[in-house]
Each structure stands twice: as C-alpha cells, then as structure tokens.
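# Residue-level structural notes
Given next are the chains, with one letter for each unit.
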Number of protein chains: 2
Amino acid sequence: MIIYNSSYLKQFTAQVFIKMGCPEDQAWIAADCLNQADLRGVDSHGVARLSGYIRLWELKRLNATPQMSILHETPSTAVLDGDKGLGLVTAPHAMRIAIEKAKIAGTGWVAVQNSNHYGIAGYHAMMALEHDMIGISMTNASPLVAPTFSKSRFLGTNPIAVAFPALHQPPLVIDMATTTVANGKLEVLQRKGMDAPLGWTQDKDGNPTTDAYSLKKGGSMLPLGGDRDHGGHKGYCLGAMVDIFSAVLSGANYGPWVPPFVSFLEPPANQVGNGIGHFLGAIRVDAFRPALEFKENMDKWIHTFRNAEPSDGQEKVLIPGDPERELTAERIKNGIPLHEQVVDDLKKLGESFGIEFEDKFEDRK
Amino acid sequence: MIIYNSSYLKQFTAQVFIKMGCPEDQAWIAADCLNQADLRGVDSHGVARLSGYIRLWELKRLNATPQMSILHETPSTAVLDGDKGLGLVTAPHAMRIAIEKAKIAGTGWVAVQNSNHYGIAGYHAMMALEHDMIGISMTNASPLVAPTFSKSRFLGTNPIAVAFPALHQPPLVIDMATTTVANGKLEVLQRKGMDAPLGWTQDKDGNPTTDAYSLKKGGSMLPLGGDRDHGGHKGYCLGAMVDIFSAVLSGANYGPWVPPFVSFLEPPANQVGNGIGHFLGAIRVDAFRPALEFKENMDKWIHTFRNAEPSDGQEKVLIPGDPERELTAERIKNGIPLHEQVVDDLKKLGESFGIEFEDKFEDRK
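Residues numbered from 1 in each chain as written. Chains lettered and ligands numbered in written order. Predicted model: local features only at pLDDT ≥ 70, side-chain atom pairs only at ≥ 80, totals over all residues.

### With respect to the nonpolar core
The following threshold applies: When buried Ala, Val, Leu, Ile, Met, Phe, Trp, Tyr and Cys residues are joined through C-beta atoms within 7 Å, the set is termed a nonpolar core. Residue burial is a threshold on neighbouring C-beta atoms within 10 Å of the residue's own C-beta, all placed from the backbone, with 20 or more meaning buried, 12 or fewer meaning exposed, and counts in between meaning partly exposed. C-beta atoms are first placed from the backbone for all residues, and any pair lying within 7 Å is then listed as a contact.
If you look at the biggest cluster of nonpolar residues, it comprises 234 residues, and the most contacted ones within it are Ala 30 of chain A together with Ala 30 of chain B. Those residues in contact with Ala 30 of chain A that lie beyond four places of it in its chain are Phe 17, Cys 22, Leu 86, Leu 88 and Val 89 of chain A.

### Observations concerning the sheet that holds strand S8 (residues 201–202) of chain B
Adjacent strands of a sheet pair through backbone hydrogen bonds, lying either parallel or antiparallel. Here is the rule: A pair of strands is labelled paired if DSSP reports no fewer than 2 bridges between them. Counting from the N terminus, the helices are the DSSP runs of H or I reaching at least four residues and the strands are the DSSP runs of E reaching at least two.
With respect to topology, 3 strands assemble into an open sheet ordered S9-S8-S10 (chain B), the strand pairing being antiparallel. Unpaired on one side and paired on the other, strand S9 (208–209) and strand S10 (220–221) of chain B mark the two borders of the sheet.

### Looking at helix H1 (residues 6–20) of chain B
An α-helical segment advances 3.6 residues per turn. Residues three or four places apart therefore align on the same side. Residues and elements named next belong to chain B. This is how it is decided: By this rule, a helix spans an expected 1.5 Å times one less than how many residues it contains.
In this model, H1 (15 residues) spans 21 Å end to end at C-alpha, consistent with the 21 Å of a helix rising 1.5 Å per residue. Taken residue by residue, H1 has Ser 6, Leu 9, Lys 10, Phe 12, Thr 13, Ala 14, Val 16 and Phe 17 as its buried positions. Those residues of H1 hidden inside the fold are in contact with strand S1 (2–4), helix H2 (24–40), helix H3 (50–58), helix H9 (322–334), strand S12 (336–338) and helix H10 (340–353).

### Things to note about the confidence of the model for chain A
The test is simple: For every residue, the pLDDT score states the predictor's confidence, bounded by 0 at the bottom and 100 at the top.
Within chain A, residue pLDDT values average 96, and 98% of them lie at 70 or more. On the interface metric, ipTM, the complex scores 0.97, and its pTM is 0.97.

### A word on the domain arrangement of chain A
To keep things clear, this is the line we draw: Domain start and end points were adopted from an automatic or database domain assignment.
Considered domain by domain, chain A is made up of domain 1 (1–65 + 335–365), domain 2 (67–177 + 231–333) and domain 3 (181–221). Each of domain 1 of chain A and domain 3 of chain A has a C-alpha centre, and the two are 28 Å apart.

### Remarks on the relation of the copies chain B and chain A
In this arrangement, two copies of a chain are superimposed by a rotation about an axis accompanied by a shift along the axis. Applicable threshold: The atoms used to superpose the copies are C-alpha atoms, taken from residues with pLDDT of at least 70 in both, and the fit is least squares.
Between the two copies, chain B and chain A, the superposition gives an RMSD of 0.0 Å; the rotation angle is 180° and the shift along the axis is 0.0 Å. When the rotation and shift are considered jointly, the pair of chain copies conforms to a two-fold rotation axis. When C-alpha positions in chain B are compared against the rotation axis, the closest is assigned to Gly 225 of chain B, at 2.1 Å. Of the residues that chain B buries at the interface, 100% are likewise interface residues in chain A, meaning the two copies contact each other through the same surface.

### Some points on the pairing of strand S6 (residues 160–164) of chain A
Residue and element names in this part refer to chain A. For S6, a buried count of 5 out of 5 residues is recorded, marking the element as mostly surrounded by other parts of the structure. The two faces of S6 match: Ile 160, Val 162 and Phe 164 on one face and Ala 161 and Ala 163 on the other face are all buried. Two strands pair when backbone bridges link them, and strand S5 (residues 133–139) and S6 are joined in this way by 4 bridges, in the antiparallel orientation. Pairing of Ser 137 across the sheet is with Ala 161, part of S6. Of the strand pairs in this sheet, S6 and strand S7 (residues 172–176) are connected by 5 bridges, and their pairing is antiparallel. Within S7, the residue paired with Ala 163 across the bridge is Val 173.

Encoded structure:
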C-alpha cells in the first residue's frame, strides 16, 4: 500500500477527466465523487476505477461531452437522457433537478437512462442534505447476482442510499448494496487466502459455497440475506425494486441486459433500453413538518440508537454512516492507501494523457 | 385447523368493526385489509388479529370514529393526523390522498401520525395499481428488533411494500418485513418443537441463538441479514429508514417509543410523537414514460426473471408476489384455515357483540 494525499488524488482525477474532454465543472464533480468514495472507504469505487471509465470512453461507450436532456416531466418528476455521459456527472445533474422540483412541489424524482456507472450511491443522496432535504439514490449495475432459487446472473449489486439531515448530530447516511457483501470483500479474502462465509456467493450450479473465487468460476453473488431460510428472497426483492425504478421507469437496460462496466466485455445483444439507469429523489422535510422539528427529532433518534445497550462483547452501537464518517476524518488527515497495482495503473494512465502521477505521498492540502 | 370461507370471515370482521362503531364504509375497508392478509398467507395479520384491535379500542387507545385531518401539505406531499384510528382505515385514506396528488403532481407522498397497526403493508401499496401507479407503503411497529451490535429492542419488523403494475403479467408486489423472518415463523417452530436457524434471533444478552423461544425470554429479532458478517447492518439500515420515514417525518413515535400492539403492555412513557406512523407513496408511471411502454417492459422483466435458470434441485424461479397470489387463488377456492384457538377467540368476540361466529365452514360465496 502507498499512501496518497486525498486532495492530490482528486486533483489528478479531475485533470484526467479534463484531458478526456469533460467540461471543467463536470470533471471536478466526477473527481469529487470518486474522491468521496476513497475517503469513505469504498475503495473499489474511488480512483482505482478511474482507468475503467477511460477505457469505456476509448471504446466510445462513454461520452465526455454529453448533451443531457429532459425527455418528460411533471411538477415532481423528470426523465433525464444522460447521452452516454459519466454517471458521475449525470446523477448529480439529475439530483439537482430533483432538488429544484422539491423546492416547488415538495418532492422531486428523476429517473436517468442512457448513463454509465455513477460511483457511490451515497454521494448523490447526500447532495440533498444542505437543502434540508432527504436524498435518495439508487442505480442498477452489471449483472452478478442471482435471484433466489436461480443460478442466472440477472441483477447487479444495485445499491440504495438514503441521507437524512440532522441538527447537531451528523446526518444519518445509509449507503448499501442489496447483496450480502460487495465484491471488494471477496477480493480481500482472496488476497488473504481465506474462505468466505456461507451466504455470500454460490457456485455456477447454484450450490452454497465458501470459495472466495466462486464469482470468477461462473458463480454468482447472493442477494442480502443469502439463502431462502435467511431471507435471501427479500434481498432479491430489493435488488429487483432498484432495477425497476432505475431502468424500467427510465427506459434504460434492466436485468441481464445491463451493460458491463468492464471494457473487455461487450454489452449484451438486443438491448431493451439505453445504457444503465439511476433513480434519484429529493424530499423537502418541511413539506411534511418544520425542518427544525424534524432535525431535532433526528438528533433524538440518533442519540437514542447510539446509546442502545451493546451486546455482550461489543463496545458500541453504530448509526448508519458512522463508520464512513470516521474513516473520512482519518483519511483526510493521514491520506488514502492505494494498492501498488492501482498506483501502476494510474501512472500509466497519467503518462497516456501527459500528466505525471507522482510516486509518493506529498501533503498538498 | 378449521377451514373457513374467505368471504364469511370478511363479513364477520366487518360486522365486528361496525359494532365497534366504525362507519360502515371504513369497517368494510378494514375487513378487506385483514381478509387480504389471510388470503395472502400472512395469517398473523388477518382475522386472528381482530380481537387485538378490539382490545385497544376498549382501552380507548384506538378511536372507531376518527376525524382524520391534513396537518400540512404541498403539491406532492401531506401529513395526515389519523386521530388514533385503525391503521386499516388511516393508511388507505392516506393512500387515496397520495393517488390524488400523483394525478396532478406526478407523485404523491403521505406521512401518517397518530395511527395504529395497519395490517399488511402490501394492501395499501396495491391500491395504486388500478391507477397505473407504483404504490409504496411502510410502517413502523412495536419494538422487537435489535440494532446491529446491540441487545436493545429498538425497532419493529418495519415492513416495506412496493407494487408495480404490469400489462398481461400479474403485478409485481414486494411486501417484506425488514427482519430475517416474521414472528409467525418462530411460532411455527415452537409448535413443532424445532430450533430456529442461526441469524433469526439473539438471546437477551445479544448472543446468537437457535432457541425458537428466545423472543419470549427477553431476546430480540435480528434485522434482515442476521449478524454483521451476513449483512445484518444493512437490515438495520432498512429498519431505521422505515422508522424515520414513518415517524420522524410524520410526527409519530419512533424507535423504543412506538406503542405496543398488545393491549397488556402500556405505551412507553415520555412519548416523542403521536401514535405509530406510516408512509405511503404513489408514483404515476406516465409521469416518467407512457404507461403502456412501462407495463410492456414490466411484462418483459417478469417473463425474463421467471425464466431464469433454476439452481440444482430447484424447480422454478419466483417473481415477488407469486407465492401470495398462488395462495390467494387456493384459499378463495378452498377456504382459510384457522387455528382452534383463533376460532375460540372469534367466538367469544362475536358473543360480546351479539354476532354469531359459526362453528363450521360454510360456502357463502
């Protein structure tokens, strides 16, 4: 692992996106989105993914200068055509539309089609917070997850994020894949040579397995809950819900037709929509009750749950968003660790654009 | 088990609610809601629960003639004061308001405070279907579930329901508690003298247990996923989300302050809101894309997933809502089985209101 300064990584990322042709403001938003993933500990969705976006752009599957347009709208809804843009750009744009609609109609809901991978779901949801709004964000993703009782990879990890503003307490931020675990946790086990717990994945025939490499052998991830006895059918329901909101409502591809993020896989034939889809929502809290009242009660909720009695052997009870916030503070201070192969990848990427990716951590705050 | 005709049970239920003082139209809606639970196989939320509502009414914790009022509204939102009414009545009323708002604003969202148990979440969500709308329904409930790492019972089973209309296919209906299993499944194991799988509950100290009686011994239910390794913190997030939408947004009680359904437990002191809370939403699909287009794609989604390849040893892959729909058809035809103790309870209830609950199944269709 090599430690890098967070703002250095963000600056490098923005420069790469600018060289790719992104308008400067969009490049910085996209860079911020990847940077927040690194700060929050979702390392798979941070700068490590930068070269993946570039490869899609090289294949013309991603458009650096999208002409985004609203296909249809009502006072509280809109459908946005992302024009094959970065999801890191189309989703924040959609969220801004949702926020503007919520100012007038109380809530705003924007479905996005013709988009690409949008980074971490929580980034977009959290945009609502400064407006005293609840933010909601979901997206479908490349199919790796099998429906209950099936061995077909038909769903993505399809995350859901919801961000609630509070008063003196930090906001409560939920940001979760609708699978038992994210792929990144399997990779950690692979590096350590360890088995996975039952309930994370299944083999290519749909049998339970503890093989941390099962996904690479044609197996599939399991929806949150794992097997049927442990409520896996509910995780399947959640993944299905995200797929439908993100893609059937927007006119994007759903289920097995969702185009893959990795550039070495071709998008499936006979597409049923355009690109991948997202669904963003903004709810003005004072469309329900005075914002101060809501936020005071959020503080009380958070205080109460943080003071729930720990189980034997546990130290404390967490609030959704606590671990990410603690890690963010730590990484702003001490830097972001990158695997050597990520560093090599970024160096090559920099070279191809004539931008130096420096060897070592330097404090550029 | 004694088999009863579904429409006989519904008629009996409506008569009881009328005797309790409900306006006739409200009594029939409430009866329909309980009846649909029985038909869909959620036996714990059907006629078996009828006397529970009556006991709350006897204690004046439930109002048979609520004067429901809108406390605040915007084009796409409202807060409804349920005036201590049956949730079986306040939630359908709120859903009708949401549907009317969606007709004009594209979506409608109604938070309900000062309400009581609302039956099955799916009933209210499905009300949107005939309007070519997506229906959403959630509620908080008596605290039985512990946050991750805690032994405090701070959340209810807090269900989420979402109903999506389709064209030739039946609608896709998700209706799920945000726990690994519902309490009813523990009761089944208790009757059979069997242990529960790990991940369903924990003991009073927060340790994993297979004791099917653990809840009755001061233990708690686990959020969907079970322990931390299996994503239980995500189930905790979902339960928290439902609690906040239902109660912090509406002004109802949340977390440990949610009043219990059972009449022998007093509501907690120092209430933080009014009654329990619900959150209902209606999304007009043609606020996003033409309804026909959406429904054709829903058909394709459903067809695709129903034809996913079954795992070894499995026969077919289900679509959310399939099992409930199949059971409904079967129970309309063959009747609804009731435990003898439920039958005794209903007989006594009937006697106290001067309504005979008949001994045997009779076809009154």
